[in-house]
2 protein chains.
Amino acid sequence: MATARKHPDGAASAGATIYSVAERAGVSIATVSRVLQGAGTVSSTTAQKVLDAVDQLNYVPLGAARSLAVRHHEAHGLVLPELTGPYYSELLMGFESRAAELGQSVTLMLTDGKADLARAVRQLATRVDAIAVLGSAAMPPAVARALHGQKPVVIIAGTPQEGIESVRAENAHSAEQLTEHVLAHGRTRLVFVGDPEGAPDIAERHAGFVAAHRARGLEPAAPVRVPFREGEGEAVAERILAGEIEADALVCANDELALAIMSHLQDAGRDVPGEIAVVGWDDVMTSRYVRPGLTTVRQPVHELGVIAAERLHQRVSGALPRLEPQILRTEVVIRGSCGCPTR
Amino acid sequence: MATARKHPDGAASAGATIYSVAERAGVSIATVSRVLQGAGTVSSTTAQKVLDAVDQLNYVPLGAARSLAVRHHEAHGLVLPELTGPYYSELLMGFESRAAELGQSVTLMLTDGKADLARAVRQLATRVDAIAVLGSAAMPPAVARALHGQKPVVIIAGTPQEGIESVRAENAHSAEQLTEHVLAHGRTRLVFVGDPEGAPDIAERHAGFVAAHRARGLEPAAPVRVPFREGEGEAVAERILAGEIEADALVCANDELALAIMSHLQDAGRDVPGEIAVVGWDDVMTSRYVRPGLTTVRQPVHELGVIAAERLHQRVSGALPRLEPQILRTEVVIRGSCGCPTR
DNA sequence: CCCGGCTCTGTAAGCGCTTACATCTGCACC
DNA sequence: GGTGCAGATGTAAGCGCTTACAGAGCCGGG
């Protein structure tokens, strides 16, 4: 009846193992495992003994050992560029909540500021069953490809790559709608602010911008290519104030940019939207608070995260990759900065 | 010379193991491990053979197996309530960046909306070497205590608990300073908005609020106890508009609250700061953009995250817990909403 | 020419779990 | 009273790595 014990030490609570628990409860490690996993049949009196022992020893199973045995990490990886602004946070919240529901931990990796990205990603791949990557994350395509084939991968809001699953929000159509809305206000010199080559979704938004012009037989002006940094907004505003950029409406690639420009312009005494209209993208919190309210586009960011976690889990559970990109609907939010009297 | 191989299959690249790599490279698994870990001495020609094999098989080591062998997860856990607003994101970014520098992955858990918190935390404990918990995370103290003793724990911005390491930003003193600043503007009916019992840092801020009054021989009014939700701000504003709350200055527990109230008040035609001053806490992005700019307090949130990651790592590496709480300095940011002409 | 001491590589023993399979009860049934 | 079966438990074989230890070459010095 003596319990097998290659593990002589039963002391250190900090190092309690399934063996010490088994010994203390007077059962075999198999029984302990069964009780803890709720698998198999165990009499209730035995189960109680085990539970007591677990309690007394303050036993926490070693995840790595279980992972090795079951051959699953029970964890999903998420790769984001960074976390400023509400976009990524919201996405992460969606991802985490769904992953947790599915019993998966989430291991986060931020790419910005990382010296050796490839190494970091490879290291991540080592500890998770599947990985979701934000399209805008500065991830060498080669890395993404290497990952794929090793682990299920889904790309969020990025250019779909051959054979890699992807999910994103609709961009081009709403951009066209938004642009058309501004044009309908009678504006004629619209300028797109943001770098279409900087990220795939920006490219799409720009495409919508162009399409709206073409639909009216207009030729769109060249975009003002700037990165997302808040500081860039000021710079753009300066160029406008200096007359370097001529425009009566600005279609910005995101709200941060739009807000910075708008605020700077207003400080310089310009009338927004009177002299110049400004619209953004993302519907961040600030956009509701500034005056005039910023007209923008709302994306189902939270849901993007949820879906990514969901797909990952299904793939890990053996589902086949979904061939075509999943595209979620967005919504134009009209406030005052476009010229509408709304508020 | 034949390589040991209990593992007959050498096919499936998706399932490449150290055995298949070893076999392919014509060496033993020990050598493969040495090459990959950069430990021990391996001739460069052998190393190259291994590297080639790794490449061809697209081999990704199984983290769980390594963790089990080295008896470290090489991962830190971080428990936050949620991720809206810049506070938690910034913290997380600090945490992640430092953890990554130290070669640790970060596994994130969000408590809001989690049905079985205790279970979730226990599950987290299973997969990481150490855990940082945000003080405001709705974590049953019992859980925190159970964790502690199992794994190193640090509490961020929370009430220090017996024997548990903690790090936070200074609150009481800056709150006193901020309050005194408002009082110095000649305001007499200040009201604290926020629930001192809701979170330990709020309690401290309230204490500072009270102290500033006492220092002038004034008796502070009772706080308006409301939670953080943005919606609550509107409700408070309504109560002020209705004359239910009498005040010529509002000291709010955080910026979200302050902004919501201020914006609502302004929409109703009230003059801020003319009729009523409003100050907040956190210096979120929006606070720079609204007019008047919101006077607030800036905390070294990023650094809080960095330090937490740092301490965790040191503890895992055998360092003793730091006895007294580490307290970081904050900074009052004066803008216009307090009555200053600044801008 | 032998030997000590390198350098490089292989052998094998775990790390702490899960789980298929074997074993052992006890009990209902004939 | 024997048979069969279901329920409860134990046995032991891995899961894929790391690493202490040992062995095999090889070099130079005495």
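Since we're looking at a predicted model, the values are computed, not measured.

**Q** Any chance you could explain the environment of Gln-37 of chain A here in plain terms?
**A** By the secondary structure assignment, Gln-37 of chain A is in helix α2 (residues 29-37). Spatially, the C-alpha atom of Gln-37 of chain A lies 27 Å from that of Leu-78 of chain A, the residues being 41 residues apart in sequence.

**Q** Is there a simple way to think about the protein's contact with DNA strand D in this case?
**A** Taken together, the neighbourhood of DNA strand D is formed by 32 residues, with Ala-30 and Thr-41 of chain A together with Ile-18, Ser-33 and Ala-69 of chain B sitting nearest. Of all the secondary-structure elements, those providing two or more residues to the surface near DNA strand D are α2 and α4 (63-70) of chain A together with α2 (29-37) and α4 (63-70) of chain B. The element that contributes the greatest number of residues to the surface near DNA strand D is α2 of chain B, accounting for 6 residues. Among the residues forming the surface near DNA strand D, the class breakdown is 18 nonpolar, 10 polar and 4 charged.

**Q** Quick question: what am I supposed to make of the domain arrangement of chain A here?
**A** A common way to state how big an interface is: give the accessible area lost once the parts meet. Residue and element names in this part refer to chain A. Split into domains, chain A comes out as domain 1 (13-61), domain 2 (74-169 + 301-329) and domain 3 (172-298). Domain 2 and domain 3 are separated by 29 Å when their C-alpha centres are compared. At the interface, 9 residues of domain 2 touch 7 residues of domain 3. Partitioned by chemical class, the residues of the side of domain 2 that touches domain 3 number 3 nonpolar, 5 polar and 1 charged.

**Q** Quick question: what am I supposed to make of the sheet that holds strand β3 (residues 130-134) of chain B here?
**A** Working definition: the strands of a sheet are paired by backbone hydrogen bonds and lie parallel or antiparallel to each other. The strand order across the open sheet built from 12 strands is β10(A)-β5(A)-β4(A)-β3(A)-β1(A)-β2(A)-β2(B)-β1(B)-β3(B)-β4(B)-β5(B)-β10(B), with neighbouring strands paired in mixed fashion. This sheet does not close on itself; its edge strands, each paired only once, are β10 (326-328) of chain A together with β10 (326-328) of chain B. On average, adjacent strands in this sheet sit at an angle of 20° to one another, irrespective of strand direction. Judged from the 6 bridges that link them, strand β1 (residues 75-80) of chain B and strand β2 (residues 105-110) of chain B form a sheet pairing that is parallel.

**Q** Explain helix α13 (residues 301-316) of chain B here, please?
**A** Every α-helical turn comprises 3.6 residues, leaving residues that sit three or four positions apart pointing alike. Residue and element names in this part refer to chain B. With 16 residues, α13 should cover 22 Å at 1.5 Å per step; its first-to-last C-alpha distance of 23 Å lies within 8% of that length. Summarising the contacts, the buried residues of α13 are in contact with β1, α5 (86-101), β3, β4 (153-156), β5 (165-169) and β10. Directly beyond the C-terminal end of α13, a positive phi value near 105° is found at Gly-318.

**Q** What should I look at first to understand the protein's contact with DNA strand C in this one?
**A** Around DNA strand C lies a shell of 32 residues, among which Ile-18, Ala-30, Ser-33 and Ala-69 of chain A together with Ala-30 of chain B are the nearest. Contributions of two or more residues to the surface near DNA strand C are made by α2 and α4 of chain A together with α2 and α4 of chain B. It is α2 of chain A that provides the largest number of residues to the surface near DNA strand C, a total of 6 residues. Residue composition of the surface near DNA strand C, by class: 18 nonpolar, 10 polar and 4 charged.

**Q** Teacher, can you tell me more about helix α9 (residues 200-215) of chain B here?
**A** All names here are of chain B. Relative to the 22 Å expected for 16 residues at 1.5 Å per residue, α9 spans 23 Å between its end C-alpha atoms, a close match to the ideal helical length. Along α9, the residues that are buried comprise Asp-201, Ile-202, Glu-204, Arg-205, His-206, Gly-208, Phe-209, Val-210 and Ala-212. Those residues of α9 hidden inside the fold are in contact with β5, α8 (172-184), β6 (190-193) and β7 (249-252). Looking one or two places after α9, you find Gly-217, whose phi comes out positive at around 75°.

Reading guide: rules and limits
- Residues numbered from 1 in each chain as written.
- Chains lettered and ligands numbered in written order.
- Predicted model: local features only at pLDDT ≥ 70, side-chain atom pairs only at ≥ 80, totals over all residues.
- Helix = DSSP H or I, 4+ residues; strand = E, 2+ residues; numbered from the N terminus.
- Near = placed C-beta within 6 Å.
- Nonpolar A, V, L, I, M, F, W, Y, C, P; charged D, E, K, R; others polar.
- Domains from an automatic or database assignment.
- Contact = placed C-beta atoms within 7 Å.
- Pairing = 2+ DSSP bridges.
- Axes fitted to C-alpha atoms, helices over the stretch in contact; angles between N-to-C directions.
- Expected span 1.5 Å × (residues − 1).
- Buried ≥ 20, exposed ≤ 12 C-beta atoms within 10 Å, placed from the backbone.

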